[in-house]
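Overview (structure and organization)
Single-letter residue listing:
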Amino acid sequence: MLEWCIPASLRSTCHYLTACATSEGDQLQDVASMLRLTATSLCLRCQRVTALPLKLRPCATLSSAENRQTVEELYNLSVDIQKVRKLKGWVLHQTPAYTKEVADLLKDMGASGSIIARILAVHPEAVLCPPEQMQAQRTLWMSVCPNQKELVGIIEKFPASFFTSSSHHDNQQNNIAYFQSLNLNKRIITKLMASAPQSFSRPVEDNEVMVRTLQQAYQELGGEEANMKIWLQKLLSQNPFVLLKPPEVLRQNLLFLRDKGFSTAELLRLLSKLRGFVTELNPDSMRRTLAYSQDTMGCSEEELRDIILNCPALLYYPEAILAERFKGLLSAGISMSQIVETPTVMELTTQIVNYRIHQLRTHGYEVRTGSLDVLNGTKKDFEKSYGKLQLRRERPIFNPVAPLKADD
């Protein structure tokens, strides 16, 4: 009755030998019996082996020298351990770790289990933050964050900004106090802390120098004192990393643009529209870009300045990117005069331009003979313009009760 334990290949061999025993004699039958007895004995031995109390957790199995408790707690939180091993496996080897404490803190702030799992999968270093440090960060962030729900959202997007070194805590406090003294909106301060944490980790004196440089440039270029706070808030929110740039870079770039013929008012306009990119540039790169753009478009220096004022992005795109975009627009049938008239189309990638042109043509709009303004803007802006064209095609303005025109 234990025959089912015997491997199929061995059973078939035994049956074959037994069947042949009548013709081959008793010796062959003895061999078959011996094989059957051996197989049965092996089966009984296997049944006596005690099963190991092993939980089958393929993702939680330990690699060499990993912290068993950390791995188990991350597994219980549904964290993608394989992802952690691949990207930041060193964290799993650290002791002590505070996985449960991190999860409890986030849960207490209203984070769901799935959010906690995502945070720890992306930034497992969080489990190395001592509980007292996490509580201090929570108190610090809540001084500028409207509520805990919003703070959880920030941590989900920027976990490294929240779970930072305790050595930066004093600098963070001092920088928060400084930006509050500038009467900046709390949301702007929160955004700065989240997206550019380096600016809050460094000494407050460094930020004071850069802010003063920006304020002086704004005033020297004719900016009104009453609007300075709004201007500064907008600049910092659009490009938080502007604070990390050396102040002398800003001065060098403004002097270069002044030498190129831009007036004081135009420089202020550029400084505002560039969203802080003027600190990302340098005179050499701008010189090459301007020369290439002027040569390609065949315009005068005065015309080039007007084009730059309408599309400041031409200042910071490398020549290779400009060449690709000019080529893409021209190959789509768009003329250079159209590009000069609507230079902001250069802010779009070739793929986006081709997609939008295709969408417009399906609804009877030909960009080669029409305005390029309809191509511009964000995805939402284009969909709005595209929707108006579609509606106009379906119901002509001159006859709102006309039947819908069917596609051919």
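Notes on the structure follow.

**Points about the overall build of the chain**
The helix and strand inventory of the chain stands at 22 helices and zero strands. Counting across all 408 residues of the chain, residues that qualify as buried make up 41%. Taking the intrachain contacts of the chain between residues at least 6 apart in sequence as the baseline, contacts between residues at least 24 apart amount to 67%. Accessible area for the chain stands at about 23,100 Å²; split by element, carbon and sulfur atoms hold 54% of it.

**Quick look at the environment of Q180**
Mapping Q180 onto the fold places it in helix α10 (residues 169-181). Sequence separation between Q180 and V144 is 36 residues; the distance between their C-alpha atoms is 9.1 Å. For Q180, the residues in contact, after removing those within four places along its chain, are S143, V144, K186 and I189.

**Observations regarding the side chain of R325**
Residue position: R325 is located in helix α19 (residues 319-331). Among buried Asp, Glu, Lys and Arg side chains, R325 stands out as unpaired, with E324 the closest opposite charge at 5.9 Å. What R325 contacts, discounting residues up to four positions off in sequence, is Y317, M346, E347, L348, T349 and T350.

**Focus on the layout of surface pockets**
Approximately 180 Å³ is the volume attributed to the second largest pocket. Along the walls of the second largest pocket sit T213, Q216, A217, E220, L221, R251, L254, L255 and R258, which together make up its complete lining. Counting residues per element, the ones that place at least two in the lining of the second largest pocket are α13 (204-220) and α15 (247-259). Considering only residue class, the lining of the second largest pocket consists of four nonpolar, two polar and three charged.

**Concerning the side chain of E66**
Among the structural elements, E66 can be located in the loop between α2 (26-48) and α3 (68-76). Looking at E66, its side chain comes within polar contact range of the side chain of R85, at 2.8 Å.

**Examining the pattern of salt bridges**
All told, the structure shown has 10 salt bridges when counted by the stated rule. Here K100 ties to D104 by a salt bridge, and the two come within 2.9 Å at their closest N and O atoms. Pair noted here: K100 and D104 are both in helix α5 (residues 99-108), with a separation of four residues, about one helical turn. Looking at D104, the relative accessible area reads 38%, which means it is partly exposed. Here E366 ties to R368 by a salt bridge, and the two come within 3.0 Å at their closest N and O atoms. Overall, the relative accessible area of 24% leaves E366 in the partly exposed class. With a relative accessible area of 47%, R368 lands in the partly exposed category. Put simply, R361, E366 and R368 are held in one network by salt bridges that share partners.

**Examining the nonpolar core**
Ranked by internal contacts, the top residues of the largest apolar core, which has 102 residues, are L106, F163, F179, L257, L315 and L375. Look past the residues within four positions of L315 in its chain and what remains in contact with it is L257, L270, L274, L281, M286, T289, L290 and I308.

**Description of unusual backbone geometry**
Negative phi values dominate among residues other than glycine, just as trans dominates among peptide bonds. Put simply, T95 and P96 share a cis peptide bond, and its omega is 0 degrees. Note that P96 resides in the loop between α4 (81-88) and α5. Unlike most non-glycine residues, S78 shows phi in positive territory, near 65 degrees. Residue placement: S78 occurs in the loop between α3 and α4.

**What to know about the packing of α15 against helix α16 (residues 264-273)**
Interaxial distance between α15 and α16 falls to 10 Å at its minimum, and their mutual angle equals 135 degrees. The orientation of α15 with respect to α16, classified from their angle, is oblique. With respect to the hand of their crossing, α15 and α16 are arranged in right-handed fashion. On α16, the residues touching L250, L254, L257 and R258 of α15 are T264, L267, L270 and L271.

**So, empty space enclosed by the protein**
All told, the structure shown has one cavity of 30 Å³ or more when counted by the stated rule. Of the volumes computed, that of the largest cavity is approximately 30 Å³. What lines the largest cavity is R325, G328, L329, L348, T350 and V353. Those elements giving two or more residues to the lining of the largest cavity turn out to be α19 and α21 (350-361). With three residues, the top contributor of residues to the lining of the largest cavity is α19. Class assignment for the residues of the lining of the largest cavity results in three nonpolar, two polar and one charged.

**Some words on the packing of α16 against helix α18 (residues 301-310)**
Remark: α16 packs on α18, axes separated minimally by 10 Å, with the N-to-C direction vectors making an angle of 35 degrees. Contacts between α16 and α18 involve E266, R269, L270 and K273 from the first element and I308, L309 and N310 from the second. Here the contact of α16 with α18 is built from residues that sort into three nonpolar, one polar and three charged.

**Section: helix α8 (residues 148-157)**
Along α8, the positions that sit buried rather than exposed are L151, V152, I154 and I155. Buried residues of α8, seen end-on, are gathered within an arc of 160 degrees and therefore sit on one face of the element. Opposite the packed face of α8, turned more than 90 degrees from it, sit the exposed residues K149 and K157. Looking at the buried side of α8, the elements it contacts are α5, α6 (113-122), α7 (131-142), α9 (159-162) and α11 (186-195). Capping the start of α8, N147 holds a side-chain oxygen 3.2 Å from the backbone nitrogen of K149, two or three residues further along.

Parameters at a glance
Residues numbered from 1 in each chain as written. Predicted model: local features only at pLDDT ≥ 70, side-chain atom pairs only at ≥ 80, totals over all residues. Heavy atoms only, no water. Helix = DSSP H or I, 4+ residues; strand = E, 2+ residues; numbered from the N terminus. Buried < 20%, exposed > 50% of the residue type's maximum accessible area, 1.4 Å probe, protein only. Contact = heavy atoms within 4.5 Å. Areas by Shrake-Rupley, 256 points an atom, 1.4 Å probe, with all protein chains shown as cover. Lys, Arg positive; Asp, Glu negative; His and termini not counted. Salt bridge = Lys/Arg side-chain N within 4 Å of Asp/Glu carboxyl O. 1 Å grid on protein atoms, 1.4 Å probe; cavity = no way out; pocket = protein on both sides within 12 Å on 5 of 7 lines; lining within 4 Å. Points joined across faces, edges and corners; volume = space filled by probe spheres on them. Nonpolar A, V, L, I, M, F, W, Y, C, P; charged D, E, K, R; others polar. Polar contact = N/O pair within 3.5 Å; in protein donor to acceptor, adjacent residues only side chain to side chain. Core = buried A, V, L, I, M, F, W, Y, C linked by side-chain atoms within 4.5 Å. Axes fitted to C-alpha atoms, helices over the stretch in contact; angles between N-to-C directions. Parallel < 35°, antiparallel > 145°, perpendicular 65-115°, else oblique. Left-handed = near helix turned anticlockwise from the far one by under 90°. Arc of directions from axis to C-beta.

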